[in-house]
Every structure is written in structure tokens, then in C-alpha cells.
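# A look at the structure
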Amino acid sequence: MFTITDALFLLLSFVNIYFLVLFFIVFVLEGKNVRKAPAIKTLPSVSFIIPVYNKENSIAKVVESIKKLSYPKSLMEIIAVDDGSKDGSYGILKKISGIKLFRKKNGGRADALNFGIERAKGKIIACIDADSYPEKNSLIKAVRFFDDRNVAGVTVSSLANNPKNFLQKLQKLEYILLVLSRKLMERLNCIYVTPGPMALYRKDVVKKVGGFDTRNMTEDIEIAWRLLAKGYRIRMSVDSKVYTDVPGILKDWWHQRIRWNVGGTQTALKYSHLFFKKPSNIGMFILPLFTLSYLLTLFGLALFSYVFLSAAYSFIFVYLKSAFLGADLLSVQLSLNPDILSITGAFMFAVSMAWLKLSLGALKGEASIKKDLPAFAVFLLFYLAVNPFNLVASTWKFLRKSYSW
Amino acid sequence: MKELTITAFLITALLFLAILGAALIFENSRTEEIRKSLEETDVLWNDARFFSGSISNASDCGFLESENLKIGDRIYSEGLKIQNYESANKLTDALLIEKKRYALLDLQFWENSIQIRKKCGPPFSTVIYFYSQYGRTAEQETMDRVLMDFKQRCGPATVYITFPVDMGLSSIEFVKKDYNITGTPSVLINEKAVLTGVVSTDELNKYAKCW
């Protein structure tokens, strides 16, 4: 019998398949251009701004990586803003030559970035986390996109740095799989985040739009939306890679994801007045995508919980009880007959696998299904399933206004 | 972007229609399989029925009982298949019609079993299970499992028949009235004992006496 639960599952599946199909269509149209980049015409001056807070273990290596970039040194400056670190970060930075070092009272990442922007001389500002290490050619590949005057921001491929434990390996996969979809969003002018590990902006534009929002937990998402709302374009340089340290402890990972979800919610609410309004990319795509994704995740969790609790109830009140009454506990009637739910599920799985392969192809060599099979299996079966729980926790924290860096 | 989103929607809708089509093909093939199987059983059943109608002395009882049990086993396996396919057939109710045919076949088989018991003594017990097709409860699901296990343990010593009480079959309504079946799940053993609610295999065996 067709039940409401079945209908809800099919509805969820329809939406999921819709977005996968949308990305596939964009891939068919733009796939060959994923790694294409404009020819270099001019090399602009670039100011690297590194907001630093308690990063004594990584900051020296970050500065070293920036110094090693293949870019004319006369066109580069490095500004480190110590945001009131309590560890030895400031002491380490003081010993490094060739950088401009500032120290200020703790105000958060956005505040430190704004501080750095005010003192930056370059036409382009490259905001980089104090635990992210750009690849040698990342900058020269990324600046090419700024020849288009309408481009206000360029994001790069953020990847996990040297994953050691299993949690970090899962994040490595996650970051790799995000690259293709983000690049394809460029075609729709809907790149909705310029991730913190490294992102480049046109300095005059960032100043014109008011700098980074210091009240937002994810200023990298908020600034992207602001630039799009003002009619600017954001591009992605897939071949520019930055390797960032990712949480190795579950508690840190959980806290990071809460911050991301809270920041995303703050941003969506801030721009909610643009729903179904122009500019069409935010109002007609990004906002509906965010909202739908949020609602469907919670909805999916509710559905899963219902099915799980029903099964648990059935197990206790039917299986165990029948065994108590003399039935064989081990006799289980399995129905392996294909029905509309299993066919839909199998189709979704096949499409998701195809998307996985495509996504891996965008960054050849970073990971492979064969080599990283255990991580892939856990990623698909468990890692993704944790997100809805994090979203619920984030929503709770957001409503109670109990969130912090 | 508008064109892209509309194209994606249309393609998704087409894919879903294809999935629906595939699911309907599977459902129809399952229903067709059951229909053919029931038709064959119907022929076998009519054959056995005409034969048993002409029995006049007890020396043929052995053959009669074995033929009856053969058909009983066949009907029982078909019932299991229908049960198995039922959960998968979500889009059409064609299988429910076959289930009604199956219930009527079961009813005839039960009648015949009663006649054999009268003619030949009680070589087997009859266990008739009344359940609700549309009002499934945890109680009923528990009895489903208990009775399935009971049948497996008893084997040919028990003729096990199931009747859905709410599929609009007048003959089953008549049986309910006749044997005073007031709720589900209920079990009628040897046309004498009526057990309502959840009962254990030992309780069933008190009346069926199969071990």
C-alpha cells in the first residue's frame, strides 16, 4: 500500500535528483571549461592579509608558503594581523622578516580582515587563514580572473592539508567533492561562498560594499552574497589550490560545522528580503537552494527518525514479543522485490556515484575511489548522515543566540 | 538560468516517469505471476473437489488426505508469495483482487477439509486465522509471526488458512457470524475453539495438538 511516508520519500528524492540533474546539465554545458582560465593580461598588486589568532603551530609555515608563491615580489605584500592571540603567535611573527605585522584587541576574523584592508596597498586583497598553505602557482592562476572588471572575488580549490586521522581523511574527500559543484555554480553566477582558507577580492569593491560583516559567524559566505547582491561576479580558479588544516578531533569538527550552519542561517536571513527578487542569482537560486536544502535536511531527518523509531517499535513489540510467545526470533521475512522506493533509491545511488566520479575527475590525483575506498564508504554511509543532526544543533544554538567562535 | 532550471525540472520529471514505469512493470509482472499461479491452483482444486465428492468409503481416505494436503501446501505457498509481493506493490491494487480470489479459494479448500475430517476422522487440525487487511496493528503482526512459526512446526499435521475480514467478501462475513469472530487477530481451531488477541504457540497447540 502506498503510504504518506512513501510519498514523502519520493518527494525528497525528486528534489535531490533535480539538483543532481541541474549540475549534470551545467557540467555538460561547461564541463570542458572547468580548468579553463583567461590568459594573463596584467598582474595586479596583491596584499595578503592573514588574520591570526592562536596559530603558533602553523603561522610561520603559512608565511613561508606565501613567500614561496610564484609571483613578482614587488607586486606582493604580506600583512599579518594578530587579533589578540594568547599563545606565541605574535612572538613568532615578530621574528619573521618581510611582513607587515599589526597587533590589535581581539575582535574576530572579520574585524581583523577589515583592519588589514585599511592598511593594504594592493589592488587585490588575498584573505588567507593562518592555517592554510597556498600552492606555489595558486596566486598567479587566480589573479587572471580579475581582468574582467565585473569580477569582485575569486575563490580557489580549498583542500585538506595532510590528513592524518580518519576524520581528516573524510574531510579531505568532502573538500575535493565540493570543488566541481562550486565551479559549476560559477556558470549560474551563484558561487555563494568564498571560503576562508584563501579568497581574493578587489580591494576597492570590498571597501565600497562596507568590508566584512563582523557580526556574521561566516563572513566568507556573507561577503560573497553581498558582492552578488551588488551585481558583481565571483569566479573560481580550480587549478589554484590552498591546503588548509582541518579539525582532527570530533568536538572541533562539530563546533566548526555549527559555526558554518549558524553563519549560513544568519546570511540567509539577512538577505531574505531578496527572495524571488532580482538579482536573480540570489533571489531565484541561492536563497531558494539554501532554504530548500535547510528544510529538506530537517524534513529528511524527521522522516528517517520516524522510520527508525517505527522499526524499533516493531522490533520490540512484534519481534521480541512474538519470540516470547514461541515464534522463532531468527525467522525474518525479507522482501527483495523491487518497488518504486527501491528503484528510486537505486537510481539516486547510481546518479550520486556518477557525480562522485565526475567530481574526483575535476581534481585528478587528489583522491581515488580505489585507493580511499574505506573513507569513501564511511563518507557516503555515515559522514553525510551526521549533517542533519548538526543542523538541528545549529538551529537550536541560533535560536538561543548561544554561538561563538 | 531560468531555462536551465526549467530544463532540469523537465528532465527530472521524465526520469521520475521512467522510474514509475519501471515500478509498474515490476508490479504488473508480480500480479500476473500470482494470477497464473492461482488459475493453475484453481484447476487442481476443481479436480480434487470433484474427486473428493465421489468418495464413499474410508479406504480412499489416505489418498484424499494427501491430495488435500498437497493443494493446501500449494495454496499456503501462494499465500506467502502474495504476502511477500504485497509490500512491494505500492502503486496498483490489482494484487488485492488476486488476494480476494485467493481467499475464496481458501474458503472452498477449508470446506473440503471439513468434509474430509467428517468422512475420515481428524487426520489434521484446521487453524483459521482472521486478520485485518487495512487495520494492521502490532498485535496482529505479532500473531502473523507466531502463526507462521506454528505452521512450520506443525507441518502437514495442520491445515493453515488465513482470511482477511475487511475486504468486502460476503462469504467471509458469513463465516465470522457463524463462528462468532468478533475482532482481529482471531484464530479458529478445528471449527471449535476461538482465540482472540495474542496467543502463544503452546496455547494454540492445546487445541490443535500437533506436537
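Residues numbered from 1 in each chain as written. Chains lettered and ligands numbered in written order. Predicted model: local features only at pLDDT ≥ 70, side-chain atom pairs only at ≥ 80, totals over all residues.

Along the backbone of chain B there are six helices and four strands. When the helices and strands of chain B are placed in sequence order, the string is α-α-α-β-α-β-α-β-β-α. By the compact-globule yardstick of 17 Å for 211 residues, chain B is too spread out, its C-alpha radius of gyration being 21 Å. Seen along its three principal axes, the alpha-carbon backbone of chain B occupies a region of about 85 × 35 × 30 Å. When the 211 residues of chain B are sorted by exposure, 33% land in the buried category. (Helix = DSSP H or I, 4+ residues; strand = E, 2+ residues; numbered from the N terminus. Rg over C-alpha atoms; globule rule 2.2 N^0.38 Å. Buried ≥ 20, exposed ≤ 12 C-beta atoms within 10 Å, placed from the backbone.)

With that out of the way, let us pick up the sheet that holds strand 2 (residues 158–164) of chain B. Residue and element names in this part refer to chain B. The mixed open sheet is built from four strands, whose spatial order is 2-1-3-4. Because the sheet does not close on itself, it has two edges, and the strands there are strand 2 and strand 4 (193–196). The sheet shows a mean angle of 20 degrees between the axes of neighbouring strands, taken without regard to direction. Two elements, strand 3 (residues 186–189) and strand 4, share four bridges in a ladder whose sense is antiparallel. Paired with serine 186 across the two strands is threonine 196, which belongs to strand 4. Most of the contacts of helix 3 (residues 94–120) go to strand 2, to which it runs at about 140 degrees, and overall it touches strand 1 (125–131) and strand 2. (Pairing = 2+ DSSP bridges. Axes fitted to C-alpha atoms, helices over the stretch in contact; angles between N-to-C directions. Contact = placed C-beta atoms within 7 Å.)

Right, let's get into the domain arrangement of chain B. Where interface size is quoted, it is often the accessible area lost as the parts come together. Residues and elements named next belong to chain B. Assigned domains of chain B: these are domain 1 (1–121) and domain 2 (124–211). For domain 1 versus domain 2, the separation of C-alpha centres amounts to 19 Å. Secondary-structure elements contributing two or more residues to the side of domain 1 that touches domain 2 are helix 2 (61–88) and helix 3. Among the elements that take part in the side of domain 1 that touches domain 2, helix 3 stands out by supplying nine residues, more than any other. (Domains from an automatic or database assignment.)

At the interface, 32 residues of chain A touch 32 residues of chain B. With eight residues, the single largest contributor to the side of chain A that touches chain B is helix 1 (residues 4–30) of chain A.

Here the focus is the sheet that holds strand 4 (residues 124–128) of chain A. Residue and element names in this part refer to chain A. Pairing in this open sheet of eight strands is mixed, and the strands run 3-2-1-4-7-6-8-5 from one edge to the other. With partners counted over all chains shown, the strands left at the sheet margins are strand 3 (100–103) and strand 5 (132–134), one partner each. The sheet shows a mean angle of 30 degrees between the axes of neighbouring strands, taken without regard to direction. For strand 1 (residues 46–52) and strand 4, the ladder comprises four bridges, and the chain directions are parallel. Bridge pairing in strand 4 links phenylalanine 48 to alanine 126. Relative to the sheet, helix 2 (residues 59–67) contacts strand 1, strand 2 (76–82), strand 4 and strand 5, its axis offset from that of strand 5 by approximately 15 degrees.

Attention now moves to the packing of helix 1 of chain A against helix 11 (residues 340–362) of chain A. When two helices pack together, their arrangement is given by the angle between the helix axes and the distance between those axes. All names here are of chain A. Their axes nearest at 10 Å, the elements helix 1 and helix 11 cross at an angle of 25 degrees. In terms of orientation, helix 1 lies roughly parallel with respect to helix 11. Considering the relative orientation of helix 1 and helix 11, their crossing is left-handed. Contacts from Asp6, Phe9, Leu10, Ser13, Asn16, Ile17, Leu20, Phe23 and Phe27 in helix 1 reach Leu341, Thr344, Met348, Val351, Ser352, Trp355 and Leu358 in helix 11. Considering only residue class, the contact of helix 1 with helix 11 consists of eleven nonpolar, four polar and one charged. (Parallel < 35°, antiparallel > 145°, perpendicular 65-115°, else oblique. Left-handed = near helix turned anticlockwise from the far one by under 90°. Nonpolar A, V, L, I, M, F, W, Y, C, P; charged D, E, K, R; others polar.)

Right, let's talk about the pairing of strand 3 of chain A for a bit. On a regular strand, each side chain points to the face opposite its neighbour's, so the side chains alternate between the two faces of the sheet. Residues and elements named next belong to chain A. Note that strand 2 and strand 3 share four bridges and pair parallel. Its bridge partner being in strand 3, alanine 80 is matched across the sheet by leucine 101. Of the crossover connections in this fold, the one passing from strand 2 over helix 3 (residues 89–94) to the parallel strand 3 is right-handed. (Right-handed = clockwise from strand over helix to strand, strands pointing away.)

This part is about the nonpolar core. Phe48, Ile49, Ile50, Ile125, Ala126 and Ala224 of chain A are the most contacted members of the largest nonpolar core, which totals 95 residues. Looking at this core element by element, the count peaks at eight residues for helix 6 (residues 166–187) of chain A. Listed in part, the 37 residues of the second largest apolar core include Tyr131, Met143, Val187 and Ile189 of chain B. (Core = buried A, V, L, I, M, F, W, Y, C linked by C-beta atoms within 7 Å.)

All names here are of chain B. With respect to the helices and strands, leucine 38 occurs in helix 1 (residues 2–53). For leucine 38 and tyrosine 102, which are 64 residues apart along the polypeptide, the C-alpha to C-alpha distance reads 7.1 Å. If we ignore the near neighbours within four places in the chain, the residues touching leucine 38 are Glu78, Glu98, Arg101, Tyr102 and Leu105.

Another aspect to go through is the packing of helix 6 of chain A against helix 11 of chain A. Residue and element names in this part refer to chain A. Two elements in contact, helix 6 and helix 11, have axes separated by 8 Å at closest approach and are oriented at 90 degrees. When the axis of helix 6 is compared with that of helix 11, the two are roughly perpendicular. Contacts from Ile176, Leu177, Val179, Leu180 and Lys183 of helix 6 reach helix 11 at Leu356, Leu358, Ser359, Leu360 and Ala362.

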